[in-house]
Amino acid sequence: MASFQQSMAMFAEARRHVAGGTSSNVRYGDAPVPLFFERGEGPRLHDVDGNVLIDYVLGNGPAILGHAPAPVIAAVAAALANGQAFAGQFEGEMRLARKLKSLVPSADLVRLSISGSEAVHGALRLARGFTGRTKYVKFEGQYHGWLDNVFISTKPGLNEAGARESPEPVLMSRGQPPRVKDEVIVLPWNDLDVLAKALARHGPEIAAVMTEPVMCNCGVIPPQPGYLEGMRQLCDETGTVLIFDEVITGFRLGLGGAQGRLGIRPDLTVFAKAIAGGFPLSAILGRRDIMELVEPAGQVVHSGTYNGSMPSVIAALATLEALAADPDAYRRMESRGERLMEGLRRLGRQHRQPLLVQGYGAIFSTFFLDGGAVTDFRTAALADSARMTAFAGELAANGVRTTARGVWFLSMAHGDAEIDATLDAADRALGALGRKVA
Ligand SMILES: Cc1ncc(COP(=O)(O)O)c(C=O)c1O
């Protein structure tokens, strides 16, 4: 059994110097404390206690090639000899934009940025600048970053979230100005009728519908057949900009993102995470007539000291090259993920635990929930999240790291041996969980 004494001692010490002991609140999810790592290698992380964990967190999604992928690290190391930040033009940006256009059909033009949160912010500003409208639609349970105007109803308490079909916008942090609630219309996902009614009622005020094409943050929830197609059509009919947040799904569900896989063409897309294999880079891309508003005459301003940062651009080019080099790589990753999903379902049955496993081989969710499927935030909220957190803790004790909320990320570096070892660990973890619940 893994022990995390050293991480616990270091976290106690970190809290004396780093506010809250960590630089991101998301990291509180690790059990028993945010863990301290020394290095990563392929599908594994080595922590300060000497534990070697098979990792399904993968930096919360970016490490699509695994940790420290040799071609990416080598390309960045070589490029660093030439400098780090120019605040000037760099030929790699152009090459990366061309590459993204070749992979993603909805991309006429590309803008680079650093984090997913700020690229989401840029896409919303573009949609507002283009339409002259202010409000936007977001879906309950979807996370688009931590900034004020989108950190709304990502995980609202059901006592304050209102009716399912007309949820109240709920702020998720102290310090957010209440007025941001006036700019958002929160809706349940996977319900085309509700979206149609909202657009019929508020259409002339709504600049954008922003959605993850596959919900990933409150659990992996695929779109119902026809849902995204209907959303596309409703946006066309009402002149509303359709923004896909592919921060997680991009380069994970395939080289063309979820939109390539599902055959939907949004107006704007935000990519981040896997695009640069773990280096900080995001991209806004989409329709020419919207994207070109960032030209000085268009008067939509998008800027940032580190935009198009040289090491990150080099990392993205190397990552996309490695992903494209092997046409079978995605299929192999998916089929290993599917084997893991199936194995977890079998173990759930064996241990008489209501373990619901849904999603795709490349990213899936485990919920402790009896029967059915999770289709939106409210059905996800029925799951026993405390049991999922306890399961993640037992998995960590048995050498497997996944997220406390039950989202599992696969990488190209996870091989059959890791899947087998993970299933063995899950067997022990479910056994321990059963003894605790009993
Ligand atoms: C779907 C989605 N959008 C946006 C973001 C924000 O990205 P970042 O953390 O890079 O700011 C995240 C982060 O997890 C995300 O999952």
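Higher on the page you've got the structure.
Calculation rules
- Residues numbered from 1 in each chain as written.
- Predicted model: local features only at pLDDT ≥ 70, side-chain atom pairs only at ≥ 80, totals over all residues.
- Heavy atoms only, no water.
- Helix = DSSP H or I, 4+ residues; strand = E, 2+ residues; numbered from the N terminus.
- Rg over C-alpha atoms; globule rule 2.2 N^0.38 Å.
- Buried < 20%, exposed > 50% of the residue type's maximum accessible area, 1.4 Å probe, protein only.
- Contact = heavy atoms within 4.5 Å.
- Areas by Shrake-Rupley, 256 points an atom, 1.4 Å probe, with all protein chains shown as cover.
- Lys, Arg positive; Asp, Glu negative; His and termini not counted.
- Charge placed at Lys NZ, Arg CZ, Asp CG, Glu CD.
- Near = heavy atom within 4 Å.
- Polar contact = N/O pair within 3.5 Å; in protein donor to acceptor, adjacent residues only side chain to side chain.
- Nonpolar A, V, L, I, M, F, W, Y, C, P; charged D, E, K, R; others polar.
- Pairing = 2+ DSSP bridges.
- Axes fitted to C-alpha atoms, helices over the stretch in contact; angles between N-to-C directions.
- 1 Å grid on protein atoms, 1.4 Å probe; cavity = no way out; pocket = protein on both sides within 12 Å on 5 of 7 lines; lining within 4 Å.
- Points joined across faces, edges and corners; volume = space filled by probe spheres on them.
- Left-handed = near helix turned anticlockwise from the far one by under 90°.
- Salt bridge = Lys/Arg side-chain N within 4 Å of Asp/Glu carboxyl O.

So, about the overall build of the protein chain. The helix and strand inventory of the protein chain stands at 13 helices and 16 strands. Taking 2.2 N^0.38 as the reference for a compact globule, 438 residues should give roughly 22 Å; the C-alpha atoms of the protein chain span a radius of gyration of 21 Å, in line with that estimate. Along the three orthogonal principal directions, the C-alpha set of the protein chain runs to about 60 × 55 × 45 Å. Counting all 438 residues of the protein chain, 55% fall into the buried class. Put simply, of all contacts in the protein chain between residues at least 6 apart along the chain, 70% involve residues at least 24 apart. Accessible surface, the protein chain as shown: approximately 18,500 Å² in total, 52% of it carbon and sulfur. Positive and negative side-chain charges of the protein chain, numbering 44 and 46 respectively, have mean locations separated by a distance of 2 Å.

Okay, the site of the ligand next. In the vicinity of the ligand, the contacting residues are S115, G116, S117, Y143, H144, G145, E212, N217, D245, V247, I248 and K273. A distance of 2.6 Å separates a nitrogen atom of the ligand from a polar side-chain atom of D245. Considering the ligand on its own, with 390 Å² of exposed area, one finds that the protein chains cover 83% of that surface. The class makeup of the residues in the shell around the ligand is 3 nonpolar, 6 polar and 3 charged.

Strand order in the open sheet formed by 7 strands is 4-12-11-10-9-5-8, and the pairing between neighbours is mixed. In this open sheet, the two edge strands, each paired with only one partner strand, are strand 4 (109–113) and strand 8 (184–187). Sheet twist, expressed as the mean angle between neighbouring strand axes with direction ignored, is 20 degrees. Pairing of strand 10 (residues 241–246) with strand 11 (residues 268–271), which is carried by 4 bridges, proceeds in the parallel orientation. If you follow D245 over to strand 11, its bridge partner there is V270. Helix 3 (residues 91–103) contacts strand 4 and strand 12 (282–286) of the sheet and is inclined by roughly 125 degrees relative to strand 4.

Further remarks concern empty space enclosed by the protein. Counting across every chain of the model gives 1 cavity of 30 Å³ or more. Approximately 50 Å³ is the volume found for the largest cavity. Taken together, G29, D30, A31, A392, G393, A396, V400, R401 and T402 make up the lining of the largest cavity. Elements that contribute at least two residues to the lining of the largest cavity include exactly helix 12 (385–397) and strand 15 (400–401). No other element matches helix 12, which puts 3 residues into the lining of the largest cavity.

Let us look at the layout of surface pockets. Estimated volume of the second largest pocket: approximately 790 Å³. Lining the second largest pocket are 31 residues, and of these Q89, E93, V110, R111 and L112 lie nearest its centre. Those elements that provide at least two residues to the lining of the second largest pocket are helix 3, strand 4 and helix 8 (288–291). The leading source of residues in the lining of the second largest pocket is helix 3, at 5 residues. Classifying every residue of the lining of the second largest pocket by side-chain character gives 13 nonpolar, 10 polar and 8 charged.

Okay, the packing of helix 3 against helix 9 (residues 310–325) next. In the contact formed by helix 3 and helix 9, the axes pass within 9 Å of each other and the chain directions differ by 35 degrees. Considering only the axes of helix 3 and helix 9, their crossing is left-handed. Where helix 3 abuts helix 9, its residues G92, E93, R95, L96, K99, L100 and L103 lie against V313, A316, L317 and L320. Its residues assigned to classes, the contact of helix 3 with helix 9 comprises 7 nonpolar, 1 polar and 3 charged.

This part takes up the pattern of salt bridges. All told, the structure shown has 25 salt bridges when counted by the stated rule. A salt bridge links R164 to D191; its shortest N-O distance comes to 3.2 Å. Of this pair, R164 sits in the loop between strand 6 (162–163) and strand 7 (166–167) while D191 sits in the loop between strand 8 and helix 5 (192–202), and the two are 27 residues apart along the sequence. Each member of the salt-bridge network shares a partner with another, and the members are R232, D236, D267, R287 and D289.

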